Amino acid sequence: TKWTKDRIIADAHENNVHFIRLMFTDIRGTIKNVEIPLTQLEKALENNMTFDGSSIEGFVRIEESDMYLIPDYDSWMIFNWDVPSDGGRIACLICDVDTTKREPFLGDPRGNLRRVLDKMEALGFSSFNLGPEPEFFLLKLDEDGRPTMDLNDDGGYFDFAPTDLGENCRRDIVLELERLDFEIEASHHEVAPGQHEIDWKYNDAIRACDKIQLFKLIVKTVARRHNLYATFMPKPIYGESGSGMHFNVSLFDKEGKNAFFDESTPDQLSKDAHYFIGGLIKHASAYTAICNPLVNSYKRLVEGYEAPVYIAWSERNRSPLIRIPSSRGNSTRIELRSVDPSANPYLALAVILQAGLDGIENKIEPPMPIDRNIYTMTPEERMAEGVFDLPSSLSEAIAEFEASPIMRDALGPHISGNFIAEKTMEFESYKKQVTQWELNKYLMMY
Ligand code: ADP
Ligand code: MG
Ligand code: MG
Ligand code: MG
Ligand code: MG
């Protein structure tokens, strides 16, 4: 059932909703929200709710400070937590952002993704589907409620996150997600101590990104209730696996059929699937900054932890950037393994879709798949097979992004410009740091 204005208002009354969070995401990927009381709901649903955008860093220029929030009716959702003292409940609506002139605001990542989806429709496809596999760590809190990292004093290695503590918390997270319409497919402990993964059924692009944002909010909220801190930082612990967020993607055609599937070819992948992979390979260096946006992201993209380091694709093994899971039919999909959970999902999906569509439009043939473990290939063997490295630092990745008009276009000049400026500053600040590793290594040697 599609939500209408009247149905939402009736639902709010029936369920004793007192407050509504109007949510959107900034360029950095942080969820922002403006909370309104029930009396303002109708006004909000009529697209008349404004907010002062100038308070949001990196989001607007001063002269465009008044923005309209345009709620997406289908995102209407009543939370089961944060019940205030009077027992009234809190609901949320995810919004696009319009300017004072009531045009889509170019700095809105969600609205920007719609722009790339329009291009996809013009090319004859009906939807772009995303099934993400986010990983995260649950950390114990200290007496002051701050997350602890006492893994390094190898003493308490196994005490650090007693399995039952983490698993109980994860079960509560899954229960909460199920109440909020997530179709959970799997939830399991990951390789590192304290590390978990939860997978749910794929959705079309916008909804899938909305769900990632809600997911992070729910995981953090439920973890707090269990006296744990949930972090989506890509590589919190040296020597342990980092947290990724594999993106499983597929295109459906206008008949609702999976456009990556073709029964008649040897690998049962369509021409378009191959071209999409071609685009993903061609632009891999350029979109890495968006999928791996932190200095810390590059500490995850190293050898030895199942994280991709090389630009290649495979149907068999899990070392390359792109894997084609063996399912076919409607589940035919491409798995991009570089993305990490610090990425802004709306921006990441926009660059990935643009890269793939460029492959389709320009019939970009991918290189041969590499079906052996790339980590064990010598540099010469990789060279011979045309396997290049992913950017190995944020500064390298920013330079690659900046040099790619097609990837910059996927985000538009406003978001691209802001992103490059902010990330350049972030890297410059990091570069000047003197780290513990340097002190350990050099202080007493020289
Ligand atoms: P892995 O084998 O890499 O651990 P998972 O089974 O954990 O993969 O996750 C697979 C993800 O792919 C799920 O989110 C699932 O819903 C999603 N998926 C399945 N079919 C499609 C499809 N056609 N398009 C996009 N995602 C899909
Ligand atoms: Mg998985
Ligand atoms: Mg699996
Ligand atoms: Mg995993
Ligand atoms: Mg996976």
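We now turn to the structure provided with this report. Quick caveat: nothing in here was measured; it's all calculated off a predicted structure.

**Things to note about the coordination of the magnesium ion (ligand 4)**
Looking at the metal site, the magnesium ion (ligand 4) is ligated by Glu135 (OE), Glu190 (OE) and Glu197 (OE), spaced 2.0 to 2.3 Å from it. Spacing between the donor residues of the magnesium ion (ligand 4) along the chain follows E-x54-E-x6-E. The two metals, the magnesium ion (ligand 4) and the magnesium ion (ligand 2), are separated by 4.4 Å and share Glu197 as a common coordinating residue. In this pair, Glu135 sits in strand S7 (residues 125-140) while Glu190 sits in the loop between strand S8 (184-189) and strand S9 (195-200), placing the two residues 55 residues apart along the sequence. Note on accessibility: Glu135 and Glu190 belong to one class, buried.

**What to know about the coordination of the magnesium ion (ligand 2)**
The magnesium ion (ligand 2) binds to the protein through Glu133 (OE) and Glu197 (OE), with metal-donor distances spanning 2.0 to 2.2 Å. Here the magnesium ion (ligand 2) and the magnesium ion (ligand 3) are spaced 3.8 Å apart. With a gap of 64 residues between them, Glu133 in strand S7 and Glu197 in strand S9 connect regions that are remote in the sequence.

**A look at helix H7 (residues 284-291)**
Burial analysis of H7 places eight of its eight residues in the buried class, which makes it a mostly covered element. Residues of H7 that are buried: Ala284, Ser285, Ala286, Tyr287, Thr288, Ala289, Ile290 and Cys291.

**Re the pairing of S7**
Most of S7 is tucked away, with 14 of its 16 residues classed as buried. Taken together, the nine bridges between S7 and strand S12 (residues 245-253) define a ladder with antiparallel strand orientation. Within S12, the residue paired with Gly131 across the bridge is Asn248. Of the strand pairs in this sheet, S7 and strand S10 (residues 203-204) are connected by two bridges, and their pairing is antiparallel. Within S10, the position partnered with Asn129 by the bridge is Asp204. In terms of strand pairing, S7 meets S9 through three bridges, oriented antiparallel. Note that in S9 the partner of Phe137 across the bridge is Gln195. Two elements, S7 and strand S11 (residues 228-231), share four bridges in a ladder whose sense is antiparallel. Each residue of the ladder has a partner; that of Leu139, found in S11, is Tyr229.

What counts, and at which threshold
Residues numbered from 1 in each chain as written. Chains lettered and ligands numbered in written order. Predicted model: local features only at pLDDT ≥ 70, side-chain atom pairs only at ≥ 80, totals over all residues. Heavy atoms only, no water. Donors = N, O, S within 2.8 Å, 3.2 Å for Na, K, Ca; no water. Helix = DSSP H or I, 4+ residues; strand = E, 2+ residues; numbered from the N terminus. Buried < 20%, exposed > 50% of the residue type's maximum accessible area, 1.4 Å probe, protein only. Pairing = 2+ DSSP bridges.

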